[in-house]
Amino acid sequence: MFWELDPTAAPDVQHFADPEFEKEAWLSMVLLEWGSCGQIATIGDKAAGCALYAPPGMVPRSRAFPTAPVSADAILLTSMRTEPHADELDVGADLIRGVVADLVRRNVRAIEAFGIRRTADVEASDVPHATATLGCSDTECMIDADFLEDMGFEVVAPHHRYPRLRLELDRDHEWKLAVEAALDRLLEESSLTVESLTAGSAVGAH
């Protein structure tokens, strides 16, 4: 619930909140009011990872960063997690491609994300494991800034710890048209499946 709980709320409210219930309630609200807000990767019938995104106004944590606010024309990519059994596959990159393909179809202009620059005393990990500690911490619930840059995001608000990055979706029209075809080819070459999060799958995206 790192992204979904208001960081200014009283500590006792955050402590007694039921994370599973709150997460499901948030997912249901976004799905009903805005539409698909995630991508789920599977290998066969096993979950391999997920990525979540939403309009910044639906993400209370987005207002708390020193590099806020998110641009008015952008959708906020909040978090991404993968399962350990998918480590040998480039699941993070495939999830990003799935997010891009979905938002291009919906005529979204750009994706933004608050990345994290990890310090020497924190083990670096591009994409946290879904089985990692589920506490509300930046190291567990934010996407590595270097990974985002490798995926084509550019820093638009620099910060030593929490830079805000942006991926334009209307800058290269030929690339936009090729996204879905490239994604389909990649998925055909492996057993990995990436699909949009819908109301029917929301319960499994905790």
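An unreviewed UniProt entry annotates the protein as GNAT family N-acetyltransferase of Rhodococcus rhodochrous J3.

Right, let's talk about the overall build of the protein for a bit. Scanning the protein from N- to C-terminus turns up six helices and eight strands. Helices and strands in the protein line up, N terminus first, as α-α-β-β-β-α-β-α-β-α-β-β-α-β. Among the 206 residues that make up the protein, the fraction classed as buried is 48%. For the protein, restricting intrachain contacts to residue pairs at least 6 apart in sequence, the fraction spanning at least 24 positions comes to 72%. Roughly 10400 Å² of accessible area belongs to the protein as shown, and the carbon and sulfur atoms make up 52% of that amount.

Right, let's get into helix H3 (residues 91–105). In this model, H3 (15 residues) spans 21 Å end to end at C-alpha, consistent with the 21 Å of a helix rising 1.5 Å per residue. The buried fraction of H3 amounts to 13 of the 15 residues, a majority that puts the element mostly inside the structure. Residue Asn107 follows H3 closely and has a positive phi angle near 60°.

Across all of its chains, the model carries 12 salt bridges by this definition. Among the ionic pairs, Arg97 bridges to Asp94, the shortest N-O distance being 3.0 Å. A residue pair is termed a helical-turn pair when its members lie 3 or 4 positions apart in one helix, as Arg97 and Asp94 do in helix H3 at three residues. On the basis of relative accessibility, which here comes to 29%, the residue Arg97 falls in the partly exposed class. When the shortest N-O distance is used, the salt bridge between Arg164 and Glu112 registers 2.8 Å. With Arg164 in strand E7 (residues 164–168) and Glu112 in strand E4 (residues 110–116), the pair connects residues that are 52 residues apart, well separated along the chain. Its relative accessible area of 10% is what places Arg164 among the buried residues. You can call Glu112 buried: its relative accessible area is 0%.

A separate point is the packing of aromatic side chains. Within the structure shown, the criterion is met by six aromatic pairs. Each ring, one from Phe2 and one from Trp3, has its centre 5.3 Å from the other, and the planes form 85°; the classification is edge-to-face. Summarising the aromatic geometry, the rings of Trp34 and Tyr53 are spaced 6.3 Å apart at their centres and angled 90° between planes, so their arrangement reads as edge-to-face. With Trp34 in the loop between helix H2 (19–33) and strand E1 (38–43) and Tyr53 in strand E2 (residues 46–54), this pair connects stretches of sequence that are 19 residues apart. A relative accessible area of 1% means that Tyr53 is categorised as buried. Three or more aromatic residues joined by ring pairs make a cluster, and in this case those are Phe2, Trp3, Phe65, Phe114 and Tyr162. Its guanidinium or amino end placed over the ring of Phe2, Arg61 lies 4.1 Å from that ring's centre, counting from NZ or CZ.

Here the focus is the environment of Thr67. With respect to the helices and strands, the residue Thr67 is situated in the loop between E2 and strand E3 (74–82). By relative accessible area, Thr67 is classed as buried at 5%. The spatial distance from the C-alpha of Thr67 to the C-alpha of Ala157 is 5.8 Å, given a sequence separation of 90 residues. In this view, Thr67 contacts Phe114, Ala157, Pro158, His159, Tyr162, Pro163 and Arg164; residues no more than four positions away in its chain are not counted. Here the side chain of Thr67 touches Tyr162 through a polar contact of 2.8 Å, landing on its backbone oxygen.

About the cut-offs
Residues numbered from 1 in each chain as written. Predicted model: local features only at pLDDT ≥ 70, side-chain atom pairs only at ≥ 80, totals over all residues. Heavy atoms only, no water. Helix = DSSP H or I, 4+ residues; strand = E, 2+ residues; numbered from the N terminus. Buried < 20%, exposed > 50% of the residue type's maximum accessible area, 1.4 Å probe, protein only. Contact = heavy atoms within 4.5 Å. Areas by Shrake-Rupley, 256 points an atom, 1.4 Å probe, with all protein chains shown as cover. Expected span 1.5 Å × (residues − 1). Salt bridge = Lys/Arg side-chain N within 4 Å of Asp/Glu carboxyl O. Phe/Tyr/Trp six-rings, centres within 6.5 Å; stacked < 30°, edge-to-face > 60°. Lys NZ or Arg CZ within 6 Å of the ring centre and 35° of its normal. Polar contact = N/O pair within 3.5 Å; in protein donor to acceptor, adjacent residues only side chain to side chain.

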